[in-house]
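So the chains spell out like this:
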Amino acid sequence: MLTNGTPELQIDRKDSRLVLAHILFAFGALFLGGIAGLLQGLVRGGVVKLPAEIGYYQLLTAHGVLMALIFTTYFIIGFLISGVSKTTGGKLLPISRHLGWLGYGLMSTGTVVGTICILLNQATVLYTFYAPMKASPYFYIALALVVVGSWMSGFGMFYQFGYWKKLHKGKVTPLFAFMAVTTMLMWIVATLGVAAEVLLQLIPWSFGWVDTVNVMLSRTLFWFFGHPLVYFWLLPAYMCWYVVIPKIIGGKLFSDALARLAFILFLLFSIPVGFHHQLMEPGISPFWKFLQVILTFMVIVPSLMTAFSLFATFEQAGRALGAKGLFGWFRKMPWSDVRFFAPFAGMLTFIPAGAGGIINASNQMNAVVHNTLFITGHFHLTVATTVALTFFGVTYWLIPALTGRKLTARINKLGMIQTVVWLVGMFFMSGAMHTVGLLGSPRRTAYTTYENHPDAFLWMPYHVAMAIGGTILFIGILLLIVNIVLLFRAPRGQEEFPIAEANASAEAAPRLFERWGVLISLVVVLVLIAYMVPVLDMINNPVPGSKGFVTW
Ligand code: HAS
């Protein structure tokens, strides 16, 4: 609808600005991280050599931090704020918006300081910043600022959600807002681990206030955060799949209650599983590893529920549009609509990507793949394809919806091309990583022939394929940036913010799903069961502390 010749925005103009600030920052980080990724792919493939002033691991740190931590966090917070605003009345309360801007300011200060530390070669510790590699204290302070900033935005969303509940007593909360709150709750609990690591261990140690660090404890605290981190990336993609995609395909969400249950299961099971990243580390008793592997298999369940729900949604929408037979729905999907095509490509990729995760989680298989490029292949399929393609698909309608412009047929077509370029690039890169990982090629290494070892020569063609894939992916990033610029220059008009209705005949969500006190208590209990004994053991019977190392 046009009012006074100006298109009506899908959410309040001030909220739009806050969201756009996050989204644009995210893509700035993606671009810079992409340059680092391109260079490191070419170096690892033996195609180019870096000048002496730039280290390979410095690039790898910039790539990991900017892509995995900064691009994702900014995009997610922007997307979540937009959906919370849209589904709770189209306008944030001033306090929620102010908290959003405060969070943005803190995160941006942290990002700038952290990036400067990396560029000055003072923090070449990769995105996992494992001790005993020791970065500048300012790098850890920068990370703390990013985390605290994200909490502020989370608190803003909680406040908005609580206010909506107060005004609509007894009503079922909007699904998107419910999912956003669950995701941010999980994030806040998870980041307590990394906050403890950074504040209590790494900052005092890097300032020299203490001489040594308990490496085992620091890694455990990191992975307490590190695994839910991957679901912090995944859940916003699931929000798009559950809430947005049904609307785009002209259908309804299969079951609102099932979607909520999936998110609650993620809240419960995504945190007490960090040991599956430490299966090959000594110092943790096999019993606790075994327990956390069982919980890891529990956290696969909500993804399987999601797959079921998506198939059911497609099937129902397809049948409503006249599809017949087992796979008739397939032909009824809007294949030429990038808003559907890009996230669908992400879903399809998640089938092998998730299977890779199940391989990693099995103790014996983990011994084969841990610390090889197989793991790098796994996370390029999960976060860099499934999640990234879904985020790209969202971008194609979100920016026009926030700026009062139209996703034109031309930009839509360019978006489709960009999606295919991304898929092809990832096929080469992640495919080669998975294969060469199984042949034993380690991850986190620069170009080396291991003194002309025959195995290393066997790996070389795959490393070249990775470089080719990385180059194609970088072209994909450039195309995306061009498309974003075109979106800002597109003709004025009204673009939909697609929010699907739920199937009315499905079971309603039980009230327990909104009992936050009960849910948080369950989270605490599970965390205590999985972590209390081993962590107390690490504190009471510490391994000899390590001094810091600057290995670069
Ligand atoms: Fe993972 C390592 C286990 C999911 C990311 N993972 C990593 C690392 C990252 C990462 C970044 O147990 C490396 C960290 C580092 O730097 O060291 N991962 C799992 C398991 C899952 C899993 C069990 N990971 C993810 C997701 C990520 C991610 C999601 C990012 C977004 N991962 C591990 C383990 C390690 C690990 C070990 C440690 C390895 C080591 O040794 O270091 C599960 O959550 C996966 C469940 C998923 C499924 C797929 C469901 C499919 C769906 C799509 C449906 C499709 C439709 C369309 C409907 C079961 C929902 C179909 C249409 C048609 C036409 C067919």
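If you're wondering where the values come from, they're calculated on a predicted model, not measured in any experiment. All chains use their own residue numbering, which begins from 1 and follows the written sequence. In keeping with the model being predicted, local features are shown solely for residues with a pLDDT of at least 70 and side-chain atom pairs are shown and tallied solely at 80 or more, while totals for entire chains, interfaces and linings include all residues. Remark: hydrogens and water are excluded; side-chain values derive from all non-hydrogen atoms of the structure.

Asker: Describe the overall build of the protein, listing the residues and the values that go with them.
Answerer: A count of helices and strands for the protein gives 15 helices and two strands. The C-alpha radius of gyration computed for the protein amounts to 23 Å, which stays within 12% of the reference 24 Å derived for 552 residues, consistent with globular compactness. Its C-alpha atoms give the protein principal-axis dimensions of roughly 65 × 50 × 50 Å. A burial count over the protein gives 60% of its 552 residues as buried. Contact criterion: two residues are considered in contact whenever any of their non-hydrogen atoms come within 4.5 Å of each other. For the protein, the share of sequence-separated contacts (at least 6 apart) that also reach a separation of at least 24 residues comes to 84%. Each accessible area is a Shrake-Rupley estimate made with a 1.4 Å probe; only the visible protein chains count as cover when residues are assessed. Summing over all exposed atoms, the protein offers an accessible surface of approximately 22300 Å²; the carbon and sulfur share of this is 70%. The numbering of helices and of strands both runs from the N terminus, where a helix is a DSSP run of H or I of at least 4 residues and a strand a run of E of at least 2. As defined in this context, the radius of gyration uses C-alpha atoms, and a globule is described by 2.2 Å times the residue total to the power 0.38. Note on exposure labels: buried denotes an accessible area under 20% of the residue type's maximum, exposed denotes more than 50%, and partly exposed covers the range between, all computed with a 1.4 Å probe on protein chains only.

Asker: Give a description of the site of the ligand that names residues and reports values.
Answerer: Here, proximity means that at least one heavy atom of the residue falls within 4 Å of the molecule or strand. Close contacts around the ligand come from 37 residues, with Tyr-127, Tyr-231, His-370, His-378 and Arg-443 the closest. N or O atoms closer than or at 3.5 Å make up a polar contact, with two conditions inside protein: a donor-capable atom paired with an acceptor-capable one, and, for residues adjacent in sequence, both atoms drawn from side chains. A distance of 3.2 Å separates an oxygen atom of the ligand from a polar atom in the backbone of Ala-361. Between a nitrogen atom of the ligand and a side-chain N or O atom of His-378, the distance comes to 3.1 Å. Secondary structure elements with two or more residues in the shell around the ligand: helix H6 (215-248), helix H8 (286-320), helix H10 (338-361) and helix H12 (373-403). Element by element, the count of residues in the shell around the ligand is highest for H10, at 10 residues.

Asker: Describe the coordination of the iron atom of the ligand, and please don't skip the residues or the numbers.
Answerer: Among protein residues, the single donor to the iron atom of the ligand is His-378 (NE2), with a metal-donor distance of 2.2 Å. Within the fold, His-378 resides in helix H12. In this listing, donors mean N, O and S atoms no farther than 2.8 Å from the metal, or 3.2 Å for Na, K and Ca; water is missing from the atoms, so a site can look incomplete.

Asker: A description of the side chain of Thr-372 should follow, citing residues and the corresponding values.
Answerer: With respect to the helices and strands, Thr-372 occurs in the loop between helix H11 (363-369) and H12. Thr-372 gets classed as buried once you look at its relative accessible area, which sits at 6%. With residues up to four places along the chain from it excluded, the contact list for Thr-372 reads Gly-437, Ser-441, Pro-442 and Arg-443.

Asker: So, the nonpolar core: which residues are in play, and what are the values?
Answerer: Take the buried Ala, Val, Leu, Ile, Met, Phe, Trp, Tyr and Cys residues and link them wherever side-chain atoms come within 4.5 Å; each set so joined is a nonpolar core. Ranked by size, the top nonpolar core spans 172 residues in total, and within it Phe-129, Phe-139, Tyr-140, Tyr-242, Phe-314 and Phe-392 carry the most contacts. For this core, the leading source of residues is H6, giving 23 residues. Among residues more than four places away in sequence, those in contact with Tyr-140 are Phe-129, Met-133, Lys-134, Ala-135, Val-198, Leu-202, Ile-203, Trp-205 and Ser-206. Ranked by size, the runner-up nonpolar core spans five residues in total, among them Val-43, Tyr-56, Leu-126 and Ala-446.

Asker: An account of H8 is needed here, citing residue identities and associated values.
Answerer: Here, expected helix span is obtained from the residue count minus one, scaled by 1.5 Å. Here H8 spans 52 Å end to end across 35 residues, near enough to the 51 Å set by a 1.5 Å rise per residue. Of the residues trailing H8, Gly-322 is marked for its positive phi of about 100°.

Asker: Go over unusual backbone geometry with me, naming the residues and quoting the values.
Answerer: Of note, the amide linkage connecting Ala-131 to Pro-132 takes the cis form, showing an omega dihedral of 10°. Tracing the backbone through its elements, the reader meets Pro-132 in the loop between helix H3 (94-119) and helix H4 (137-167). Backbone geometry at Asn-121 places phi at a positive 65°, although glycine is not the residue there. Topologically, Asn-121 is positioned in the loop between H3 and H4. Here the phi dihedral of Glu-451 falls at roughly 55°; this positive angle occurs in a residue that is not glycine. The residue Glu-451 is located in the loop between helix H13 (409-438) and helix H14 (454-488) in this model.

Asker: Explain the packing of aromatic side chains residue by residue, including any values.
Answerer: Ring pairs shown here join Phe, Tyr and Trp side chains whose ring centres sit within 6.5 Å, with only the six-membered ring taken for Trp; geometry is labelled stacked below 30 degrees between planes, edge-to-face above 60, and tilted in between. The final tally for this structure, using the stated rule, is 52 aromatic pairs. Geometrically, the ring pair formed by Tyr-130 and Phe-222 is edge-to-face, given 6.4 Å between the ring centres and 85° between the ring planes. Placement of the pair is Tyr-130 in the loop between H3 and H4 and Phe-222 in helix H6, with a sequence separation of 92 residues. Judged by its relative accessible area of 13%, Tyr-130 is buried. Site record: aromatic cluster; members linked through ring pairs are Phe-129, Tyr-130, Phe-139, Tyr-140, Trp-187, Phe-222, Trp-223, Phe-225 and Phe-232. By definition, being over a ring means that NZ of Lys or CZ of Arg is both within 6 Å of the ring centre and within 35 degrees of the ring normal. Geometry around Tyr-130 places Arg-219 over its ring, the cationic atom sitting 4.0 Å from the centre.

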